[in-house]
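Topology and contacts: notes
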Amino acid sequence: MQGNIFVISAASGTGKTTLIARLLQHHSDIRVSVSHTTRAPRRGEENGKHYHFVSVPEFERMIEEGQFVEYAKVYGNYYGTSTQSLESLTRQGVDVILEIDTQGAEQIRRLLPQAYSIFIAPPSLATLEQRLRQRAADAPQVIAVRLAEARNEIEQARLFDYLVVNDDLTAAEAALLHIIKSQRCRLENQTPFLNELLGSSDNA
Ligand code: 5GP
């Protein structure tokens, strides 16, 4: 049985990475696809674990060779999901999360209509502004630009299948888990089990 694919996007400052990290820590049958990026590693980030860190020429070579399921430029750096990274996980039967931006989500919606998309939203724009201020010691103009960008990202939420509000981490994690687990119970995902239960080789 192949695992399901979940695209998860959010405006920056929504706490998406923390939320997904918690989910993965608690559920070994849910995994995240490791993307390629041309941005420099941040402190504590490991090559091959958080990202595959590559140079711009290397990334562009991979684009030319058609190695990405989707890719986008975010804040001036390339980010992409390689077919190899995605397939090696879905083949293991685990549920796979693509933690990608809304441009990537759009590409996945077109290419893999069987994937489910989840948008993580902040409880309010005021909370988001507060989080952005806390996170970076940026100048007020920079924060204002980030906030305007966040607003544009949030407008994309209408294109997603699900929306989870990250007000409380525990509640948001539970909501994410329910969405992911419920897809496993969809009839089309249970057909192999049903066939085995009934002793039939008929896959219809
Ligand atoms: P960061 O640099 O903070 O890790 O990520 C910046 C943005 O790039 C985030 O919105 C993140 O979800 C997105 N991103 C990370 N990996 C990918 C990817 O493979 N494809 C796309 N389209 N976006 C990605």
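The rules we used
- Residues numbered from 1 in each chain as written.
- Predicted model: local features only at pLDDT ≥ 70, side-chain atom pairs only at ≥ 80, totals over all residues.
- Heavy atoms only, no water.
- Near = heavy atom within 4 Å.
- Polar contact = N/O pair within 3.5 Å; in protein donor to acceptor, adjacent residues only side chain to side chain.
- Areas by Shrake-Rupley, 256 points an atom, 1.4 Å probe, with all protein chains shown as cover.
- 1 Å grid on protein atoms, 1.4 Å probe; cavity = no way out; pocket = protein on both sides within 12 Å on 5 of 7 lines; lining within 4 Å.
- Sits in = over half its atoms within 2 Å of the grid points.
- Helix = DSSP H or I, 4+ residues; strand = E, 2+ residues; numbered from the N terminus.
- Nonpolar A, V, L, I, M, F, W, Y, C, P; charged D, E, K, R; others polar.
- Pairing = 2+ DSSP bridges.
- Axes fitted to C-alpha atoms, helices over the stretch in contact; angles between N-to-C directions.
- Contact = heavy atoms within 4.5 Å.
- Points joined across faces, edges and corners; volume = space filled by probe spheres on them.
- Buried < 20%, exposed > 50% of the residue type's maximum accessible area, 1.4 Å probe, protein only.
- Arc of directions from axis to C-beta.

So, on to the site of the ligand. Among the 15 residues in the neighbourhood of the ligand, the closest are listed as Lys16, Ser35, Arg39, Tyr51 and Tyr79. Lys16 is positioned with one of its side-chain polar atoms (N or O) 2.6 Å from an oxygen atom of the ligand. Between the ligand and Tyr51, the relevant distance is 2.6 Å, taken from an oxygen atom to a side-chain nitrogen or oxygen of the residue. Considering the ligand on its own, with 510 Å² of exposed area, one finds that the protein chains cover 87% of that surface. If you map the ligand onto the pockets, it falls in the largest pocket. Mapped by element, the contributors of at least two residues to the shell around the ligand are β5 (68–74) and β6 (77–82). Split into classes, the residues belonging to the shell around the ligand amount to five nonpolar, four polar and six charged.

We now examine the sheet that holds strand β8 (residues 116–121). The five strands are arranged β2-β7-β1-β8-β9 in an open sheet whose pairing can be described as parallel. Two strands close off the open sheet at either side, each with one partner strand: β2 (30–32) and β9 (162–165). With strand direction ignored, the average angle separating the axes of adjacent strands in the sheet is 30 degrees. Relative to strand β7 (residues 95–99), strand β1 (residues 5–10) runs parallel, the two sharing four bridges. Counted as the bridge partner of Val7 is Leu98 from β7. Where helix α4 (residues 102–111) meets the sheet, its contacts fall on β1, β7 and β8, and the angle it forms with β1 comes to roughly 150 degrees.

With that settled, the discussion passes to the layout of surface pockets. If you add up the space inside the largest pocket, you get close to 1,400 Å³. Lining the largest pocket are 44 residues, and of these Lys16, Thr17, Arg42, Tyr51 and Glu99 sit closest to its centre. Taken together, the elements giving at least two residues each to the lining of the largest pocket come down to α1 (16–26), β2, β5, β6, α4, α5 (125–135) and α6 (140–155). Of all the elements, α1 adds the most residues to the lining of the largest pocket, at six residues. Residue composition of the lining of the largest pocket, grouped by class: 14 nonpolar, 15 polar and 15 charged. Put simply, the second largest pocket is a space of about 190 Å³. Every residue lining the second largest pocket is counted, 11 residues in all, and those nearest its centre are Gln2, Gly3, Asn4, Gln114 and Asn189. Residue contributions to the lining of the second largest pocket peak at three residues, all from helix α8 (residues 187–197).

Burial analysis of β8 places six of its six residues in the buried class, which makes it a mostly covered element. Burial along β8 is two-sided: Tyr116, Ile118 and Ile120 and Ser117, Phe119 and Ala121, pointing in opposite directions, are all buried. One ladder, built from five bridges, connects β1 with β8; its direction is parallel. Within β8, the position partnered with Phe6 by the bridge is Tyr116. Direction of pairing for β8 relative to β9: parallel, over a ladder of four bridges.

Before going further, it helps to spend a moment on α4. Within the sequence span of α4, burial applies to Thr102, Gly104, Ala105 and Ile108. End-on view of α4: buried residues confined to an arc of 150 degrees, all on one side of the axis. The exposed set on the far side of α4, more than 90 degrees from its buried face, consists of Arg110 and Leu111. Here the buried face of α4 lies against β1, β5, β7, β8 and α6.

Geometry only, nothing functional implied.
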